[in-house]
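Summary of structural features
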Amino acid sequence: MDIFKGISLKLLGLELLLERTPKLRGKVVLVQIVNPARSTGKDVEEAINEAVSVAERINIKYGSANYKPVVLIDYPIPSYEKIAYYAASDCCIVNAVRDVSGRDRTTLSEWFAPCEKLGIAAEHGYFIRWNKEAEWETSSSAQDCEWKNIAEPIMEVYKETTDGSSIETKESALVWHYQDADHDFGTCQAKELVSHLERVLANEPVVVKRGHQIVEVKPQGVSKGIVVDTVIRTLINTENAPDFLMCIGNDRSDEDMFESINKATSHSVFPTAPDVFACSVGPKASKAKYYVDGCSEVIRLLKGVTAISPQREVISHSQVTFRDILEVAS
Ligand SMILES: O=P(O)(O)OC[C@H]1O[C@H](O[C@H]2O[C@H](CO)[C@@H](O)[C@H](O)[C@H]2O)[C@H](O)[C@@H](O)[C@@H]1O
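About the thresholds
Each chain has its residues counted from 1, following the order in which its sequence is written. Per-residue local features of the predicted model are confined to residues with pLDDT of at least 70, and side-chain atom pairs are confined, for both listing and counting, to 80 or more; whole-chain, interface and lining totals are unaffected and use all residues. Water and hydrogen atoms were dropped before computing side-chain values, which therefore reflect all heavy atoms in the structure. The pocket and cavity definitions rest on a 1 Å grid over protein atoms only: a 1.4 Å probe that fits but cannot leave marks a cavity, an open set with protein on both sides within 12 Å along at least five of seven lines marks a pocket, and residues lining either have an atom within 4 Å of a point. Grid points are joined across faces, edges and corners, and a volume is the space filled by probe spheres set on the points. Numbering goes from the N terminus for both helices and strands, where a helix is a DSSP run of H or I of at least four residues and a strand is a run of E of at least two. Each residue is assigned to one class: nonpolar for Ala, Val, Leu, Ile, Met, Phe, Trp, Tyr, Cys and Pro, charged for Asp, Glu, Lys and Arg, and polar for all the others, Gly among them. Bear in mind that the domain bounds are from an automatic or database domain assignment. We define a salt bridge as a contact between a side-chain nitrogen of Lys or Arg and a carboxyl oxygen of Asp or Glu at a distance within 4 Å. Partly exposed describes any residue whose relative accessible area lies between the buried limit of under 20% and the exposed limit of over 50%, with all areas from a 1.4 Å probe on protein chains only and scaled to the type maximum. Working definition of a nonpolar core: buried Ala, Val, Leu, Ile, Met, Phe, Trp, Tyr and Cys residues. They are joined through side-chain atoms within 4.5 Å. Orientation is described by lines fitted to C-alpha atoms, with helices fitted over the stretch in contact, and by angles between N-to-C directions that extend from 0 to 180 degrees. Orientation labels follow simple angle bins: below 35 degrees gives roughly parallel, above 145 gives roughly antiparallel, 65 to 115 gives roughly perpendicular, and whatever is left gives oblique. Handedness of a crossing is defined here by the sense of rotation of the near helix relative to the far one, left-handed for an anticlockwise turn of less than a right angle and right-handed for a clockwise turn. Pairs of residues are marked as contacts when any of their non-hydrogen atoms sit within 4.5 Å. Put simply, two rings from Phe, Tyr or Trp (the six-membered ring, in Trp's case) pair if the centres are within 6.5 Å, and we call them stacked under 30 degrees between planes, edge-to-face over 60, tilted for the rest. By definition here, charges over rings are those cases where NZ of Lys or CZ of Arg is within 6 Å of the ring centre and within 35 degrees of the ring normal. For a helix, the expected span equals 1.5 Å multiplied by the number of residues minus one. Of all possible arcs, the one meant is that of the directions from the helix axis to the C-beta atoms. By the criterion applied in these results, polar contacts are pairs of N or O atoms within 3.5 Å in which, for protein atoms, one can donate a hydrogen and the other can accept it, and in which residues neighboring in sequence qualify only through two side-chain atoms.

**Thoughts on the layout of surface pockets**
Put simply, the second largest pocket is a space of about 240 Å³. What lines the second largest pocket is a set of 13 residues, and nearest its centre among them are Gly-211, His-212, Gln-213, Asp-251 and Arg-252. Breaking the lining of the second largest pocket down by element, the ones donating at least two residues are α6 (183-200) and β9 (206-211). Classifying every residue of the lining of the second largest pocket by side-chain character gives 2 nonpolar, 6 polar and 5 charged. In this structure, the lining of the second largest pocket is formed jointly by two domains, domain 2 (148-219) and domain 3 (236-329), each of which donates at least three residues.

Right under this line is the structure:
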């Protein structure tokens, strides 16, 4: 519970809905999970009292022996129980969804063209667009691309000597891909390329990183972790602090996001501690607490959180939690 969340306003919205749409009475239920208040004081106390009294009023006005339009959960419940609520609901109120990717902005704009409200961070956050209508914003501190003249000829040599490899030129970065090369040879070449590039680029404002079958040179001060930090701080500053944070990634570069989320949580930057589901794809060493087995599980997991599901199942903790959600969705 914090005073900026507008919980009472949400309840008043439900009251208006039930007042104007009688056919929804007996059908719509708002489950409001009120996280325990992290601060105390008159304002917080008033916010709690107001929410409780509005909820009671709605339940008296529109409820019956078998129907309670508002369920206020004002005590701590475990994360898996919250996930079960999200999974079982027809609709979750989500205040921000972001795609944070290493890919270029043209590709991402095309892929996500139908998603009007989706915020996108392209090229590891070098470009950010807050929704489809907004302009792309660029980190002005990282626009020196002279280093490409040093890095590109070296990557060319590795491309020529490694069958199946290729170079991708992005606006802010250069990437050597070896997905289609012999796996073992490609991996050896990648290690060698990293140390070669690190040596020659030591004085340039860039970093050399391994990713999934790639070696990438990108500007310093640009990472998915910094983007996640920016998004979290923006949400908090605009009084939209999240109470549920889900972050999923499969690439090494996604570890920066998990690290940022872990830091933000342990440094208590949120007004109310959110539930955090950091999830890597594939069982591997990761800063994420959870994992799913593959991309198809990610899709099912997202469906489990967002889709309509009439089933209400008892969901148990740990990795099984995700499996259970996936089953609820399937
Ligand atoms: O942050 P992501 O959305 O996971 O992007 C990371 C990199 O994605 C792309 O490379 C990956 O896909 C290629 C096939 O499309 C594959 O060949 C490669 O092995 C993968 O790493 C993209 O081309 C890179 O620029 C991104 O950094």
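There's plenty left to go through after this.
**Here we look at the pattern of salt bridges**
Counted under the stated rule, the structure contains 8 salt bridges. When the shortest N-O distance is used, the salt bridge between Glu-15 and Lys-61 registers 3.1 Å. Placement of Glu-15 in helix α1 (residues 7-20) and of Lys-61 in helix α2 (residues 42-62) is noted, with a sequence separation of 46 residues between them. By relative accessible area, Lys-61 is classed as partly exposed at 46%. A salt bridge links Glu-259 to Lys-287, with the shortest nitrogen-to-oxygen separation between them at 3.5 Å. Highlighted residues: Glu-259 in helix α8 (residues 255-266) and Lys-287 in the loop between β12 (275-281) and β13 (290-292), separated in sequence by 28 residues. Where salt bridges share partners, they join Glu-15, Arg-57 and Lys-61 into one cluster.

**Regarding the nonpolar core**
Counting 18 residues, the largest nonpolar core has Trp-176, Leu-193, Leu-197, Leu-201, Val-215 and Val-217 as its most contacted members. Elements with a minimum of two residues in this core: α5 (148-161), β8 (174-177), α6, β9 and β10 (214-219).

**Regarding the packing of α1 against α2**
Viewed as axis vectors pointing N to C, α1 and α2 meet at an angle of 15°, and their least axial separation amounts to 9 Å. One element, α1, and the other, α2, form an angle in the roughly parallel class. When the axes of α1 and α2 are compared, the crossing they make is left-handed. Contacts from Ile-7, Ser-8, Leu-11, Leu-12, Leu-14, Glu-15, Leu-18 and Glu-19 of α1 reach α2 at Ala-47, Glu-50, Ala-51, Val-54, Ala-55, Arg-57, Ile-58, Lys-61 and Tyr-62.

**Some details on the packing of aromatic side chains**
This model, assessed by the stated rule, comprises 6 aromatic pairs. Between the aromatic rings of Trp-176 and Tyr-178, the centroid separation amounts to 5.3 Å while the plane-to-plane angle is 25°, which identifies the pairing as stacked. The same class applies to Trp-176 and to Tyr-178, which are both buried. Ring geometry for Phe-244 and Phe-277: centres 5.3 Å apart, planes at 50°, overall tilted. Pair noted here: Phe-244 is in strand β11 (residues 244-249) and Phe-277 is in strand β12, with a separation of 33 residues, a long-range link. In this structure, Phe-244 and Phe-277 share a single accessibility class: buried. Put simply, the rings of Tyr-126, Phe-127 and Trp-136 touch in pairs and so form one group of aromatic residues. Stacked on the ring of Phe-127, the Lys or Arg Arg-105 has its end atom at 3.9 Å from the ring centre.

**Digging into α2**
Compared with an ideal rise of 1.5 Å per residue, which puts 21 residues at 30 Å, α2 spans 30 Å between its outermost C-alpha atoms and is within 8% of the ideal. If you check which residues of α2 are buried, you get Val-44, Ala-47, Ala-51, Val-54, Ala-55, Ile-58, Asn-59 and Tyr-62. What you see down the axis of α2 is that its buried residues fit within an arc of 130°, all on one side. Of the exposed residues in α2, the ones pointing more than 90 degrees away from its buried face are Lys-42, Glu-45 and Ile-60. Turning to α2, the residues buried within the fold contact α1 and β2 (70-73).

**Some words on the side chain of Ser-165**
Here Ser-165 lies in the loop between α5 and β7 (166-169). When its relative accessible area of 10% is taken as the criterion, Ser-165 is described as buried. Reaching out from Ser-165, the side chain makes a polar contact with the side chain of Trp-176 at a distance of 3.2 Å. Excluding anything up to four places from it in sequence, Ser-165 contacts Tyr-158, Lys-159, Trp-176, His-177, Tyr-178 and Ala-181.

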